[in-house]
Amino acid sequence: MILIVRIDTDPVLSFYRDARALPFSAGVSYRRLANVGTIRRPLQVGGGSENANTSIALDNGDGRLTALFAIPPFRRRAVIEDVSTGTAVRLFTGTVTRATLGPEITLELEA
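Residues numbered from 1 in each chain as written. Predicted model: local features only at pLDDT ≥ 70, side-chain atom pairs only at ≥ 80, totals over all residues. Heavy atoms only, no water.

Trainee: Help me out: how do you make sense of unusual backbone geometry in this one?
Mentor: Backbone geometry follows two general trends: most residues other than glycine have a negative phi, and most peptide bonds adopt the trans configuration. A cis geometry characterises the amide bond from D10 onward to P11, with omega recorded as 5 degrees. With respect to the helices, strands and loops of the structure, P11 is situated in the loop between β1 (3-7) and β2 (13-16). Unlike most non-glycine residues, R75 shows phi in positive territory, near 65 degrees. (Helix = DSSP H or I, 4+ residues; strand = E, 2+ residues; numbered from the N terminus.)

So this is what it looks like as structure tokens:
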């Protein structure tokens with residue numbers, strides 16, 4: 001899979017790991033995507049079950065992304081797409097609900 005994560009800020013931020021994802025990005029792109037967590041989807045609707053959610057990790061070892069997330073993009077739409085087929089296939093759409101900054105920036109996403 002060739003994944004790209006797009007966060008709807010102004011300008012739009014795109015993160016990828018594989019350079020082949022670059023033509024699909026819009027806005028400002030960074031080759032910093034370290035990991036996309038397991039996408040969890042509820043098995044039942046209602047009844048107190050959790051919302052669909054996942055997390056992404058961005059490489060911030062040199063601290064260059066810290067300024068971008070000094071004010072976390074809470075409640076901004078985030079989209080995870082697989083672009084390995086030549087067409088972007090949306091895997092997850094949600095909003096940023098939590099951010100943890102450090103050598104690795106972790107963003108929690110919830111649908």
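Trainee: Just checking my understanding: could you explain the packing of aromatic side chains for this structure?
Mentor: Where two aromatic rings form a pair, the distance of their centres and the angle of their planes describe that pair. Counted under the stated rule, the structure contains two aromatic pairs. Judged by centre distance (5.7 Å) and plane angle (20 degrees), the rings of F15 and Y30 are stacked. Note that F15 is positioned in strand β2 and Y30 in strand β3 (residues 28-30), a separation of 15 residues in sequence. Assessed through its relative accessible area of 0%, F15 is described here as buried. Given a relative accessible area of 25%, Y30 falls into the partly exposed group. (Phe/Tyr/Trp six-rings, centres within 6.5 Å; stacked < 30°, edge-to-face > 60°. Buried < 20%, exposed > 50% of the residue type's maximum accessible area, 1.4 Å probe, protein only.)

Trainee: Would you mind showing me how to read the pattern of salt bridges here?
Mentor: Close approach of charged atoms allows side chains of opposite charge to pair. Inspection of every chain in the model, using the stated rule, returns seven salt bridges. Between D62 and R32 there is a salt bridge, with the nearest N and O atoms lying 2.9 Å from each other. With D62 in the loop between β5 (53-59) and β6 (77-82) and R32 in the loop between β3 and β4 (33-36), this pair connects stretches of sequence that are 30 residues apart. A single salt-bridge network, built from bridges that share partners, covers R6, D8, R77, E81 and R90. (Salt bridge = Lys/Arg side-chain N within 4 Å of Asp/Glu carboxyl O.)

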